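Chains, contacts and geometry: an overview
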Amino acid sequence: MSYAVTAKYMATSKSFVANWAQQYKKIKNVDDLPERDSIDKVTLNRDLTVSVAIVVAAVTVTLVLVLGEEETISFCNGTRIYEKAPEYKIKSGLKSHIEKLQRHGPPPLEGPKTRATEPSYGWITQRIDHFDPTNLGTWRMRYMNNSEFYEDGGPMFIFLGGEWEISREYLMTGQMYDMAQEHTGYMFYTEHRYYGESFPTTDLTIENLQFQSADQALADIAYFIEYQKLTIPGMENSKVVVVGGSYSAMLATWMRIKYPHLVDAALSSSAPLRSVADFYEYFEVVGNSLKTVSEECVSTIAEAMTGIDKCFETAEGVAHVSDLLGMENSISTSEPAKSYFFSALAGPFAQLVQYASGPDLEDACSLLLSFEGDAFDKFIAFINLSYGNSALTDYEYYVNYLRQTNIIKGSIARQWYYQTCTEYGFYQTSASPDQPFKNFELELFLKSCEDVYGISEEVLNTGIERSNLFFGSVSPEVTKVVSTHGTVDPWHPLGVLEDLNPEAPVFVIQGASHCADLSSLRDADSDEMKLAKTKLDQDYTALHHATNTIDKYCIDCEEMYTNLVCRSGKVKTSTEATFHMEHLISSRSVGNEKIEESF
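Reference entry: report on the structure contained in this document. As the structure is a prediction and not an experimental result, all values here were calculated from the model.

**Some words on the nonpolar core**
Core analysis: the biggest nonpolar cluster contains 123 residues, and L290, I308, F341, L345 and F349 have the highest contact counts within it. If one sorts the elements of this core by residue count, helix 10 (residues 337-354) sits on top with 11 residues. When neighbours within four sequence positions are excluded, L345 is seen to be in contact with M305, I308, L325, F379, I383, Y387 and L392. Counting 28 residues, the second-largest nonpolar core is a separate cluster that includes F157, V243, A265 and V482.

Structure follows, in structure tokens:
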């Protein structure tokens, strides 16, 4: 494909690139990511520079395509004759790509189709350490709320925050918003400790990060629920439904496990419940998802990775790759620097697949294959376009960035990486031969934990073992949880993929990406997606009906069923009602739980 055709393709595909850039910006809290929503000028001249002006928020960044004559050069794989490929030089300041490559949380939702009420912010005082009664320190946790549909006695719907800053969209549109409207519910969005503006401590030293854990975060939610029930009129006996995506979906499931007396039901979207150090399956899914739209796309990536690896055999090759990627310093060939570099090359493809929507994968592969040159040239051009004005950094820069103990607004890197080193792992490696990337394996991430926090592999493995043991991994004993996963989502291998029991169904949605089911029901949704989106609402309706049925027929419960608690007075009973009650309670022992917790 000629440069003119390539430039024309880029112009016609600007909608895809703009949407992709917007997802990067929202998901990773990156404010200055290039929004490629217009291409102002494309001029072709064999003797001149081809300038592609791309609007970047309020700043214009110029990509320069340097065209050369045919020439014979010595390059990596030996001597070859070719027309020199475009060298994409970003004419702007360098910025770390670290935050950009954080693949976290649910995707942004489309704007509300109706005029939704603007949510408001609130604050609640929490304990720094819920499990040490001698630690009396407190902090202020931020949340958002929207009461536009609420009527006394209506349910609480809580979207749980994860490793990101909370925003208004999930209280103005989406599946939870629709349920709150239907059931006259009160909506909340809680911010996870150590993210956004909810910091229990004044800095992020190792001493202070000890309070960053799932256990503490779950306790925060427990106290939040108790506080709202005591302070909002008519909410004392309200049902509670928690909703989460990605990491917060883990928390949603775990709230039903650990606090079933406070949470009545949960929607868990794309939850990686199995903690593991070497998450090699992630890039298997990335490769397979790309392969479904274009085998040539995947083979191009694999060939390019092999070529770049070959370049690392000579100082000349390393210098040339470094220059093509606009790196400030030449790439180090020692470990873990080399592994870090190769993991960064895989990042844009991982991000693309994880949040793919509609024709994103087809468009991205078409864009990759449209560039001039061989596989190496195409890959370099795609990587430069993906990173925009955020130049690649090296391992030393990465580690020093994570070592910063001051709170950086909008940054999640140090806090989240600490959680992975102490509880989850989740390290996405190229260890599997069944994917196109290479040269970044578990050792890179073990070294990072050690270099940044002084955390050893033994501590990591202990934390992973603890998480799986305490919360049940992918076989938790839990009810009233609806779990969803998409086959395109690279995280789904760590999730529950089969029904746990009749009251804990799982929906694996063909072709869906990470947390794609959290949006409102749409005509364009597949039948599988529609079924998944309606299941939680159906379960909540059944739960509400079952509780009302028991209240209606309840009489002398304490005598009939030891330790059960009725929520209403003594009403005339019947054989039919008794049978229905026994059926709903089932044969399991309910101990001292309230009767509504048995449904």
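**Comments concerning the pairing of strand 7 (residues 138-146)**
Regular strands show a simple pattern: their side chains alternate between the two faces of the sheet. Of all 9 residues in strand 7, 7 are buried, a share of seventy percent or more. Bridge analysis of strand 7 against strand 9 (residues 186-190) gives 4 bridges, and the strand direction is antiparallel. Across the sheet, N146 pairs through a bridge with M187, a residue of strand 9.

**Quick look at the sheet that holds strand 10 (residues 240-245)**
Pairing within the open sheet is mixed, and its 8 strands lie in the order 6-7-9-8-10-11-14-15. What marks the edges here is a single partner per strand, and that holds for strand 6 (120-127) and strand 15 (506-509). Averaged over all adjacent pairs, the angle separating strand axes in this sheet is 20°, with direction ignored. Across 4 bridges, strand 14 (residues 481-486) lies against strand 15 in parallel orientation. Looking at strand 15, one finds that G486 is bridged to I509. Its contacts with the sheet place helix 5 (residues 214-231) against strand 6, strand 7, strand 8 (156-160), strand 9 and strand 10, and it is angled at close to 115° to strand 6. Across the sheet, helix 6 (residues 247-258) lies against strand 8, strand 10, strand 11 (265-269) and strand 14, angled at about 150° from strand 10, the strand it touches most.

**A short note on the side chain of Q216**
Along the polypeptide, Q216 turns up in helix 5. Once residues within four sequence positions are removed from consideration, Q216 is found in contact with I128, D129, H130, F131, R193 and F211.

**Section: unusual backbone geometry**
Here the bond from E335 into P336 is cis, since omega is 5°, no more than 30 degrees from zero. Inspection of the secondary structure assignment puts P336 in the loop between helix 9 (315-324) and helix 10.

**Concerning the pairing of strand 11**
Extensive coverage of strand 11 is indicated by the burial of 5 of its 5 residues. Here strand 11 shows two buried faces, one formed by A265, L267 and S269 and the other by A266 and S268. Both strand 10 and strand 11 contribute to a ladder of 5 bridges, which runs parallel. Among the inter-strand pairings, G245 is bridged to a residue of strand 11, identified as S269. Regarding the hand of the β-α-β motif, the stretch spanning strand 10, helix 6 and strand 11 is right-handed. Direction of pairing for strand 11 relative to strand 14: parallel, over a ladder of 4 bridges. Residue pairing in the sheet places A266 in a bridge with V481 of strand 14.

What counts, and where the lines are drawn
- Residues numbered from 1 in each chain as written.
- Predicted model: local features only at pLDDT ≥ 70, side-chain atom pairs only at ≥ 80, totals over all residues.
- Heavy atoms only, no water.
- Core = buried A, V, L, I, M, F, W, Y, C linked by side-chain atoms within 4.5 Å.
- Buried < 20%, exposed > 50% of the residue type's maximum accessible area, 1.4 Å probe, protein only.
- Helix = DSSP H or I, 4+ residues; strand = E, 2+ residues; numbered from the N terminus.
- Contact = heavy atoms within 4.5 Å.
- Pairing = 2+ DSSP bridges.
- Axes fitted to C-alpha atoms, helices over the stretch in contact; angles between N-to-C directions.
- Right-handed = clockwise from strand over helix to strand, strands pointing away.

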